[in-house]
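Notes for the structure review
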Amino acid sequence: MIIAVDFDGTIVEHRYPRIGEEIPFAIDTLKLLQQEKHRLILWSVREGTLLEEAVEWCKARGLEFYAVNKDYPEEQKSHQGFSRKLKADLFIDDRNLGGLPDWGLIYEMIKKKKTFADIYSQNDDEQQPLKKKKRWFPFNT
């Protein structure tokens, strides 16, 4: 699977243009996904020196991407059909609807090919029925 991964707010805490602290388990999870033969693309709004800093930060932690802000390593803006829109099977980004799940849940979803709907329905099935509580309402009618 080709997975595009955002940097700021997804791998590290948002501190742009600085690099924030690593979000717990982000690097370990991404390296595990690579070991399982997934191709990772760094997908970031960073450009130039700021992008190079992010790539080097990941490299220093043992994470190297298949490509950075492009579909494959050799792709150039001058290539016919070049598009800034990546062709990935999955995008991991803190700006997703609902925000960024923790990296353990992200891994489970990819490994077991689960959707948010699968996870939510699984959680609903595991919950015990709640006892009905008496509630106080300020305006009884």
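I will try to describe carefully the structure that is included in this document. As the structure is a computational prediction, the values presented were derived from the model and not from experiment.

**A few points about the nonpolar core**
Grouped together as the largest cluster of nonpolar side chains are 24 residues, with contacts concentrated most on F7, I11, L30 and W103. The greatest single-element share of this core, amounting to five residues, is contributed by helix α2 (residues 48–60).

**Details of unusual backbone geometry**
The omega torsion of the bond from Y16 to P17 falls at 10°, within 30 degrees of zero and hence cis. With respect to the helices and strands, P17 occurs in the loop between β1 (2–5) and α1 (26–35). Unusually for a residue other than glycine, K37 sits at a positive phi of about 75°. Of note, the phi angle at N69 is positive, near 55°, even though the residue is not glycine. If you trace the backbone, N69 turns up in the loop between β3 (67–68) and β4 (90–92).

**A short note on the pairing of β1**
Bridge count between β1 and strand β2 (residues 39–42): four bridges; the pairing is parallel. Following the sheet pairing, V5 is matched in β2 by L42. With α1 bridging β1 and its parallel neighbour β2, the resulting β-α-β unit is right-handed. Relative to β4, β1 runs parallel, the two being bridged by three bridges. Bridge assignment links V5 to a residue of β4, and that residue is I92.

Reading the values: rules and limits
Residues numbered from 1 in each chain as written. Predicted model: local features only at pLDDT ≥ 70, side-chain atom pairs only at ≥ 80, totals over all residues. Heavy atoms only, no water. Core = buried A, V, L, I, M, F, W, Y, C linked by side-chain atoms within 4.5 Å. Buried < 20%, exposed > 50% of the residue type's maximum accessible area, 1.4 Å probe, protein only. Helix = DSSP H or I, 4+ residues; strand = E, 2+ residues; numbered from the N terminus. Pairing = 2+ DSSP bridges. Right-handed = clockwise from strand over helix to strand, strands pointing away.

Scope: geometric values only; no functional claims are made or implied.
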